[in-house]
Amino acid sequence: MKKYSKEDLIFPDLSYEIIGASFSVFNELGPGLHEKHYQKAPAKELSARKINFIEQLPIKLNYKDESIGKYFLDFLVEERIILELKKGENFSPRNIKQILNYLKSSNLQLGILIHFGNDSVKFKRIVNQYQDS
């Protein structure tokens, strides 16, 4: 099995900052809040860290080059990483598929799924396996 290093990661420094910001939010707010509260606090933390982002960015869903709807990203960070926030303990296949669809529709390389749980923050980096060259 191949060992991976930081150099193998996509956007490692920015990912580290995003994940660190999520831990800061959880440490300040604690567990047990509604998802909407965990949605608002990261914007303040990312701003404090001078990280550019757009909240609730609409992304078109196309079928045969025709728009048939749109998605709304929780955050697009530095025009490179999709950040999706959830409340819960486990990463569901539905949440992972959601980010994969966002990545495919936006042709971005990386999404980070953050779960604010009862005891901690969990994160998963999700790489776009459908990205155009």
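For the structure itself, look to the data block above.
Structural notes, computed from the coordinates.

Here is what the cut-offs are and how they apply
- Residues numbered from 1 in each chain as written.
- Predicted model: local features only at pLDDT ≥ 70, side-chain atom pairs only at ≥ 80, totals over all residues.
- Heavy atoms only, no water.
- Pairing = 2+ DSSP bridges.
- Helix = DSSP H or I, 4+ residues; strand = E, 2+ residues; numbered from the N terminus.
- Axes fitted to C-alpha atoms, helices over the stretch in contact; angles between N-to-C directions.
- Parallel < 35°, antiparallel > 145°, perpendicular 65-115°, else oblique.
- Left-handed = near helix turned anticlockwise from the far one by under 90°.
- Contact = heavy atoms within 4.5 Å.
- Nonpolar A, V, L, I, M, F, W, Y, C, P; charged D, E, K, R; others polar.
- Polar contact = N/O pair within 3.5 Å; in protein donor to acceptor, adjacent residues only side chain to side chain.

### Overview of the pairing of strand S2 (residues 66-77)
Sheet analysis places strand S1 (residues 53-63) next to S2, joined by 10 bridges and oriented antiparallel. Across the sheet, residue Ile59 finds its bridge partner in S2, namely Tyr71. Counting the residues in the hairpin turn of S2 and strand S3 (residues 81-87) gives three residues, including Glu78, whose phi is positive at 50 degrees.

### Considerations on the packing of helix H1 (residues 12-29) against helix H2 (residues 35-48)
For the pair H1 and H2, the least separation of the axes is 9 Å and the interaxial angle reads 120 degrees. Overall, the two elements H1 and H2 adopt an arrangement that is oblique. Here H1 and H2 pass one another in a crossing that is right-handed. Every residue of H2 that contacts H1 at Ala21, Ser24, Val25, Phe26 and Leu29 is listed here: His37, Tyr38, Ala41, Pro42, Glu45 and Leu46. When its residues are assigned to classes, the contact of H1 with H2 shows eight nonpolar, two polar and one charged.

### Notes on the environment of Tyr38
Structurally, Tyr38 is set in helix H2. Taking C-alpha positions, Tyr38 is 9.0 Å from Ser22, a pair spaced 16 residues apart along the chain. Tyr38 has contacts with Val25, Phe26, Leu29, Gly30, Pro31, Gly32, Leu33, Leu85 and Phe116, leaving out every residue within four places of it along the chain. Engagement of the side chain of Tyr38 in a polar contact is seen with the backbone nitrogen of Leu33, the distance being 3.4 Å.

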